[in-house]
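# Understanding the architecture of this molecule
Residue strings, one per chain:
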Amino acid sequence: MIPEEKQNQAAFYALGLLEGEEARALEGEMERDEELRTLMREFSNSAAQLAFLAPAESPPALLRHRVLSAVAEQEPIKSRQSPNWLPWALAAALALTCAGLVWREAGLRSARDRAVNGRAQLEAEHGELIAQRARLEQEQGGSEQERARLQGERDRLASDRDRLEKERESLLADRTRLEEELAALRTANPFSEADLYVLKSASLGTIRAKAIVAWEPSRQSGFIRISNMPAANRGRDYQLWAVDANHKDPVSAGVLHVNTGGAAQMRFKLVDEARQVKAFAISVEREGGVEKKQGPIVMLGSG
Amino acid sequence: MSEQQEIDRQNIRRVAGGDQEAFAELYDRLSSPLYSLAHRMLGDAGEAQDALQDVFLQIWSRAAKYDSKQSSVFSWAILLTRSRIIDRLRARGRRLRVILPPSDRDEVDFSIASEAEGVADTAGRNEEAAHVRSILHELPGEQREAIELAFFGDLTHHEISERLGQPLGTVKARIRRGLLRLRDRLQRE
């Protein structure tokens, strides 16, 4: 006899009112309890009769056509009963499976052979790659040595360049210095190629006076500088003369104008060519000078 | 097993084998009670037709799963239809339209409704339906009311208890006794 509470649950279950854990628990009991299972079947069949409580209606005729058409369009249902040809079909399927397995085994063997060959090829390529890598590393080492050598060479060249640059700068400085020294020398002795004549006073009145004459025979020109020379008397001028071996009389070099400080300097040319000048002399002449020496010589000097 | 139940069982076997003619016979046999149930629960003729089409397509595809030891073909189809309708109702978040709100429930005169349905059945061609309906109407009012709410309402037992204003234990007992009485009456026929 099924307890009332269990019958209540079965009734609820038949009406779909039992859910979740409660429903699963009852289903478990039904599997074990045939009496409960029978009650449940009776309740379900009874509950189904409740549908007749709904007002009787018939669906539209079109719905019948719709449903039957939908079923006809569906794929035909295969019977759940095993047909007579099923064993033969199973045998054929088994044979096909065996054939497939044989074919697959052959395919696997072939694939294995291909894999072995492929592996050998890969190993060979691997060895080649290792050798190539070693070669590249060696070349790389040589390249590094060469690069180091070139770097050293470049450094050396750079050092040489710096040194040469310094030397050039030094040479330029030397040149500048030498040019300056040359210029200074030329300034100090513009007549380095000239013959120098120091003129001395020929009388007591001009004893402190000094005069130097630089004469360049090649250019037939000269330069005279006088200091401490007393001014010439009124109506008189000092006049410079060159004593040349080829001339009987002194050759005039021009009139000297001594400033108030007793100094005078001038470039001069002779009025006539003189190739063998022996001495220079200064005389006192009438103002403006004369062509031929007339007055007394106050200073005289030989080369 | 009645003659009609045996015919139903043979038809469902043929349907399981893909027999469209047997399926058409089964449709003619079941479509009216299933449609009535769908219309009653869904409250909409169009939705009821859609639901009925879904149910018959399921019958077509699941015929092989039918177990005659568990239930009759009719019961199997009714419960399948009810399950599909409840799925639709739950999916749409709706409740049974024909179930009146609690404030109006007391005004329902089930006896008058039953008499009207009886007239319809009398005029109808389904004598079996009329017979079963007469048996259902023999049930005590409180039992049939509880069973009807439970069957058509898609309500939980607590909701049924609230609607009926009765303790849950009382509701359970009414439903159990109603089903037992129904079973006994149907088995005697």
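So, about the overall build of chain A. Along its length, chain A carries five helices and eight strands. Moving toward the C terminus, one meets the helices and strands of chain A in the order α-α-α-α-α-β-β-β-β-β-β-β-β. Sorting the 303 residues of chain A into buried and exposed places 29% on the buried side. If you sum the accessible surface of chain A, you get close to 20,800 Å²; carbon and sulfur atoms cover 53% of it.

With that settled, the discussion passes to the environment of A:Ile226. All names here are of chain A. With respect to the secondary-structure elements, Ile226 resides in strand E3 (residues 221-227). We classify Ile226 as buried; its relative accessible area is 2%. Each C-alpha atom of the pair Ile226 and Ala264 lies 5.0 Å from the other, and the pair is 38 residues apart in sequence.

Residue and element names in this part refer to chain A. Here eight strands make up an open sheet; going across it, the order is E5-E4-E7-E8-E1-E2-E3-E6 and the pairing antiparallel. Of all the strands in the sheet, just strand E5 (251-256) and strand E6 (264-269) have a single pairing partner and so form its edges. Across the sheet, the mean angle separating the axes of adjacent strands is 20 degrees when strand polarity is ignored. Bridge count between strand E1 (residues 195-201) and strand E2 (residues 210-216): five bridges; the pairing is antiparallel.

All told, the structure shown has ten aromatic pairs over all chains when counted by the stated rule. Consider the rings of B:Phe151 and B:Phe152, whose centres lie 5.1 Å apart with planes at 90 degrees: the pair is edge-to-face. As far as the burial class goes, B:Phe151 and B:Phe152 line up, both buried. Grouped by ring-pair contacts, the aromatic residues A:Tyr197, A:Trp215, A:Phe268 and A:Phe280 constitute a single cluster. When the ring centre of B:Phe152 is taken as reference, the NZ or CZ atom of B:Arg40 above it lies at 4.1 Å. Lying across the ring of B:Phe151, B:Arg82 places its NZ or CZ 5.0 Å from the centre.

Below, the discussion takes up unusual backbone geometry. All names here are of chain A. The phi dihedral of Gln220 falls on the positive side, at around 55 degrees, and the residue is not glycine. Taking the relative accessible area as the measure of exposure, Gln220 reaches 14% and is therefore buried. Positive phi values are uncommon outside glycine, yet Asn228 reaches one of about 60 degrees. Tracing the sequence through the fold places Asn228 in the loop between E3 and strand E4 (236-244). With relative accessibility at 38%, the residue Asn228 sits in the partly exposed group.

Let's shift gears to the pattern of salt bridges. Applying the stated criterion across every chain, the model contains 27 salt bridges over all chains. Between A:Glu167 and A:Arg163 there is a salt bridge, and its shortest N-O distance comes to 2.9 Å. Of this pair, A:Glu167 and A:Arg163 are both found in helix H5 (residues 86-188), four residues apart, which corresponds to roughly one turn of the helix. Close ionic contact of B:Asp54 with B:Arg84 constitutes a salt bridge, the shortest N to O distance being 4.0 Å.

A few words now on the interface of chain A and chain B. As a measure of interface size, the accessible area lost when the parts come together is often cited. In this complex, chain A contributes 45 residues to the contact, which on the side of chain B involves 64 residues. Interface area for chain A against chain B, summed over the two sides, is near 5,200 Å², with a carbon-plus-sulfur share of 63%. The tally of links from chain A across to chain B stands at six salt bridges. Scanning the region where chain A abuts chain B turns up 17 residue pairs in polar contact (both at pLDDT 80 or more).

Residues and elements named next belong to chain B. Across chain B, the average pLDDT comes to 80, with 80% of residues at 70 or higher. The weakest mean pLDDT in chain B belongs to helix H5 (residues 102-105) at 37; the strongest belongs to helix H3 (residues 45-62) at 93. Throughout residues 95-125 the model reports pLDDT below 50, and contacts reaching past four residues in sequence, or to other chains, amount to 39 contacts. Confidence metrics for the complex model read pTM 0.49 and ipTM 0.79.

Counting 80 residues, the largest nonpolar core has A:Leu15, A:Leu50, B:Phe23, B:Leu34, B:Phe56, B:Ile59 and B:Ile175 as the members making the most contacts within it. Among the elements that line this core, the one with the most residues is helix H2 (residues 20-42) of chain B, at twelve residues. Counting residues in each nonpolar core, the second largest holds 26 residues, with A:Tyr197, A:Ala264, A:Val298 and A:Met299 among its members.

Once that is clear, we can look at helix H1 (residues 3-16) of chain B. All names here are of chain B. End to end, H1 covers 20 Å across 14 residues, agreeing with the expected 20 Å (1.5 Å per residue, within 8%). Here H1 has its buried residues at Asp8, Asn11, Ile12, Val15 and Ala16. Looking straight down H1, one finds its buried side chains confined to an arc of 140 degrees; they lie on one side. Exposed side chains of H1 directed beyond 90 degrees from the buried face belong to Glu3 and Arg13. Looking at the buried residues of H1, the elements they touch are H2, H3 and helix H4 (73-91).

All names here are of chain A. Within the secondary structure layout, Gln220 lies in the loop between E2 and E3. Separated by 2.7 Å, the side chain of Gln220 and the backbone oxygen of Pro217 make a polar contact. A polar side-chain atom of Gln220 sits 2.8 Å from the main-chain amide nitrogen of Ala274. Not counting the four nearest positions on each side in its chain, Gln220 is found in contact with Trp215, Lys269, Leu270, Asp272, Glu273, Ala274 and Arg275.

To continue, consider the environment of B:Tyr35. Considering the arrangement of structural elements, one finds B:Tyr35 in helix H2. With 15 residues separating them along the chain, B:Tyr35 and B:Asp50 place their C-alpha atoms 9.9 Å apart. Not counting residues within four places of it along the chain, the set of residues in contact with B:Tyr35 comprises A:Glu57, A:Ser58, A:Pro59, A:Pro60, B:Ala45, B:Ala48, B:Gln49 and B:Leu52.

Our focus in this paragraph is the packing of H2(B) against helix H8 (residues 141-152) of chain B. Residue and element names in this part refer to chain B. Where H2 contacts H8, the two axes come as close as 10 Å, and the packing angle between them is 90 degrees. Considering the angle they form, H2 stands roughly perpendicular to H8. Together, Leu37, Arg40 and Met41 of H2 and Glu148, Phe151 and Phe152 of H8 make up the contact between the two elements. Partitioned by chemical class, the residues of the contact of H2 with H8 number four nonpolar, no polar and two charged.

What counts, and at which threshold
Residues numbered from 1 in each chain as written. Chains lettered and ligands numbered in written order. Predicted model: local features only at pLDDT ≥ 70, side-chain atom pairs only at ≥ 80, totals over all residues. Heavy atoms only, no water. Helix = DSSP H or I, 4+ residues; strand = E, 2+ residues; numbered from the N terminus. Buried < 20%, exposed > 50% of the residue type's maximum accessible area, 1.4 Å probe, protein only. Areas by Shrake-Rupley, 256 points an atom, 1.4 Å probe, with all protein chains shown as cover. Pairing = 2+ DSSP bridges. Axes fitted to C-alpha atoms, helices over the stretch in contact; angles between N-to-C directions. Phe/Tyr/Trp six-rings, centres within 6.5 Å; stacked < 30°, edge-to-face > 60°. Lys NZ or Arg CZ within 6 Å of the ring centre and 35° of its normal. Salt bridge = Lys/Arg side-chain N within 4 Å of Asp/Glu carboxyl O. Contact = heavy atoms within 4.5 Å. Buried area = accessible area lost by both parts, 1.4 Å probe. Polar contact = N/O pair within 3.5 Å; in protein donor to acceptor, adjacent residues only side chain to side chain. pLDDT = per-residue confidence, 0-100. Core = buried A, V, L, I, M, F, W, Y, C linked by side-chain atoms within 4.5 Å. Expected span 1.5 Å × (residues − 1). Arc of directions from axis to C-beta. Parallel < 35°, antiparallel > 145°, perpendicular 65-115°, else oblique. Nonpolar A, V, L, I, M, F, W, Y, C, P; charged D, E, K, R; others polar.

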